[in-house]
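Architecture at a glance
Each chain, written out:
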Amino acid sequence: MMMISSGTAFQTLRLAPSLFKPPTLQTLTRTLSRHRHGLLRGSPLLPSLLRAVSSPALQPSSPAVEEDKVVAKPQWKAAIDFKWIRENKDLVVANIRNRNSSADLELVLELYEKYLALQKEVERLRAERNSVANKMKGKLEPSVRQALVEEGKNLKEGLVALEDDLVQLTDRLQQEAQSIPNISHPDVPIGGEESSVVKKMVGSRPEFSFTTRDHLQIGKDLDLFDFDAASEVSGSKFYYLKNEAVLLEMGLVNWALSEATKRGFTPLTTPEIVRSSVVEKCGFQPRGQNTQVYSIEDTDQCLIGTAEIPVGGIHMDSILPDSALPLKYVAFSHCFRTEAGAAGTATRGLYRVHQFSKVEMFIFCRPENSNMYHEELIQIEEDLFTSLGLHFKTLDMATGDLGAPAYRKFDVEAWMPGLGRFGEISSASNCTDYQSRRLGIRFRPSLDTSPTNLKKGKGGNSSAPTQFVHTLNATACAVPRMIVCLLENFQQEDGSVVIPETLRPFMGGLQVISPKFK
């Protein structure tokens, strides 16, 4: 049986603040060699030498460290531009602060300097080892050859130890650096959600001449939901859709897929269980204490919280042809979220649930085009919701509301009469190269056939350096919240609900959901 948990926290060790300064190569390697032959047993020099060689990079953050606390080795490595981060330290510091991120930039830069120093030492030892190997190629006196053999052996032993240190240091550097959020667009408002700026307001609030009901009451009166039975079967925040609500879900999904496909998006259905590493690469935290991700016990897999994750991974570790860009996908999936900490009136009913259907748009594109495609995604969302006759606003979300991958994010909030306020129904994010650096998705620029380059004799693209693509995602339709909007905005005094004309062809021509009992 598959057991699901909401993630477990894990402990790690921190690096000692001082940079390891190795003894001279000859002293180090000869001492190690002598130790291996039993010549230094009991020597007071041995403990310090072994500490220096075996693990200078990994020391407990405090003297009292439990034995079961080990360094969590990353399963993957992101192509993080550490040089850029170091050169733009002030910008990165401000961005971390504005996003309320817990990333430790000082530690990252400290680890990076240690990494560079250790890498330099490893390269020096490799060069010495190669030099010794070259000296042994010619005819040599036996005594000279034996001396070179011993030197080469000592060099190899010292190099193995330092290379192991380098691996551990690289893992620790990755672990810390991966928590640094994407840089924010310069126009993103700074502050919490309340600082977000309204970009556009569409339509007006519907006026009712009767006392309105919320979607829970409407659903009960029209026999559209069953939360009680779902609670018994699955737990709180699950639901059964019934009767016309099922047609409404199917209609919304097919309508959103149809509209996106008309605009050049390739339709997909996706796996709904993915590897934890893919979730992490997309910028989510399946093992965080307040995770929204369901992890499957005794596996490295999770249930997806959005189709953004499996679609983002579809071209993982690949180089895309320039001619294929942009790649536009529209994906249908079920989504699963723990909704940790969610409570209150605003989360009742269908507004915040553990499982729901969603249609998601996703784009892979060249870096210089991502802002343009971000605007395109926002326009598609606005066109979709306008065609349904909804009253909504589009907001440029503030830094405190951006997820780690987002460079910039726009949310659409629709008026929900039952709540008496606007509620989020979609978002559109430009993640630039944050996800692609983790997923390993690049493209190779095509041949530049401009007259300037042809005159210079430049041709072909086999030697052109690859670049990371930019990724974008946007919600075409989050089904439960769309049902909330439609039921509450188009309710009638007689208890019925009118179906927007746009959706009727996708619901078998159904025009009105009428009460079944008098």
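Residues numbered from 1 in each chain as written. Predicted model: local features only at pLDDT ≥ 70, side-chain atom pairs only at ≥ 80, totals over all residues. Heavy atoms only, no water.

The name that an unreviewed UniProt entry assigns to the chain is serine--tRNA ligase, with the source organism given as Dioscorea zingiberensis.

**What to know about the overall build of the chain**
Secondary structure summary: the chain contains 15 helices and 19 strands in total. Scored against the burial criterion, the 518 residues of the chain give a buried share of 48%. Here the contacts in the chain between residues at least 6 apart in sequence split such that 77% fall between residues at least 24 apart. When the accessible surface of the chain is totalled, it reaches about 25500 Å², and 51% of it is carbon and sulfur. (Helix = DSSP H or I, 4+ residues; strand = E, 2+ residues; numbered from the N terminus. Buried < 20%, exposed > 50% of the residue type's maximum accessible area, 1.4 Å probe, protein only. Contact = heavy atoms within 4.5 Å. Areas by Shrake-Rupley, 256 points an atom, 1.4 Å probe, with all protein chains shown as cover.)

**Structural notes on the pattern of salt bridges**
All told, the structure shown has 26 salt bridges when counted by the stated rule. Between Lys-199 and Glu-375 there is a salt bridge whose closest N-O contact spans 3.3 Å. Highlighted residues: Lys-199 in strand β2 (residues 197-202) and Glu-375 in helix α12 (residues 370-387), separated in sequence by 176 residues. Residue Glu-375 is classed as partly exposed on the basis of its relative accessible area of 39%. The salt bridge involving Lys-262 is made with Glu-259; its shortest N-O contact spans 3.3 Å. Here Lys-262 and its partner Glu-259 are both found in helix α9 (residues 244-262), three residues apart, which amounts to about one turn of the helix. (Salt bridge = Lys/Arg side-chain N within 4 Å of Asp/Glu carboxyl O.)

**Notes on the environment of Pro-206**
Within the secondary structure, Pro-206 sits in the loop between β2 and α7 (215-221). Owing to a relative accessible area of 27%, Pro-206 belongs among the partly exposed residues under this scheme. Note: C-alpha distance between Pro-206 and Asn-489 (283 residues apart in sequence) is 6.7 Å. With residues up to four places along the chain from it excluded, the contact list for Pro-206 reads Trp-415, Pro-417 and Asn-489.

**Structural notes on the layout of surface pockets**
The space that makes up the second largest pocket amounts to roughly 420 Å³. Forming the boundary of the second largest pocket are 17 residues, of which Trp-84, Asn-182, Ile-183, Asp-433 and Arg-437 lie nearest the centre. Elements represented by at least two residues in the lining of the second largest pocket include exactly α3 (82-87) and α13 (434-439). With three residues, α13 is the single largest residue contributor to the lining of the second largest pocket. Across the lining of the second largest pocket, the residue classes tally to 10 nonpolar, three polar and four charged. (1 Å grid on protein atoms, 1.4 Å probe; cavity = no way out; pocket = protein on both sides within 12 Å on 5 of 7 lines; lining within 4 Å. Points joined across faces, edges and corners; volume = space filled by probe spheres on them. Nonpolar A, V, L, I, M, F, W, Y, C, P; charged D, E, K, R; others polar.)

**Some details on the packing of aromatic side chains**
Any aromatic ring pair is given by two values, namely how distant the centres are and how the planes are angled relative to each other. Per the counting criterion, the structure on display carries nine aromatic pairs. Their ring planes at 70° and their centres at 5.5 Å tell us that Phe-208 and Phe-210 sit as a pair that is edge-to-face. Relative accessible area serves as the criterion here: at 25%, Phe-208 is assigned to the partly exposed category. Following the ring pairs from residue to residue traces out a cluster consisting of Phe-82, Tyr-112 and Tyr-115. Across from the ring centre of Tyr-351, 5.5 Å away, lies the NZ or CZ of Arg-421, which sits over that ring. Directly above the aromatic system of Tyr-351 lies the positively charged group of Arg-481, at a separation of 3.8 Å from the ring centroid. (Phe/Tyr/Trp six-rings, centres within 6.5 Å; stacked < 30°, edge-to-face > 60°. Lys NZ or Arg CZ within 6 Å of the ring centre and 35° of its normal.)

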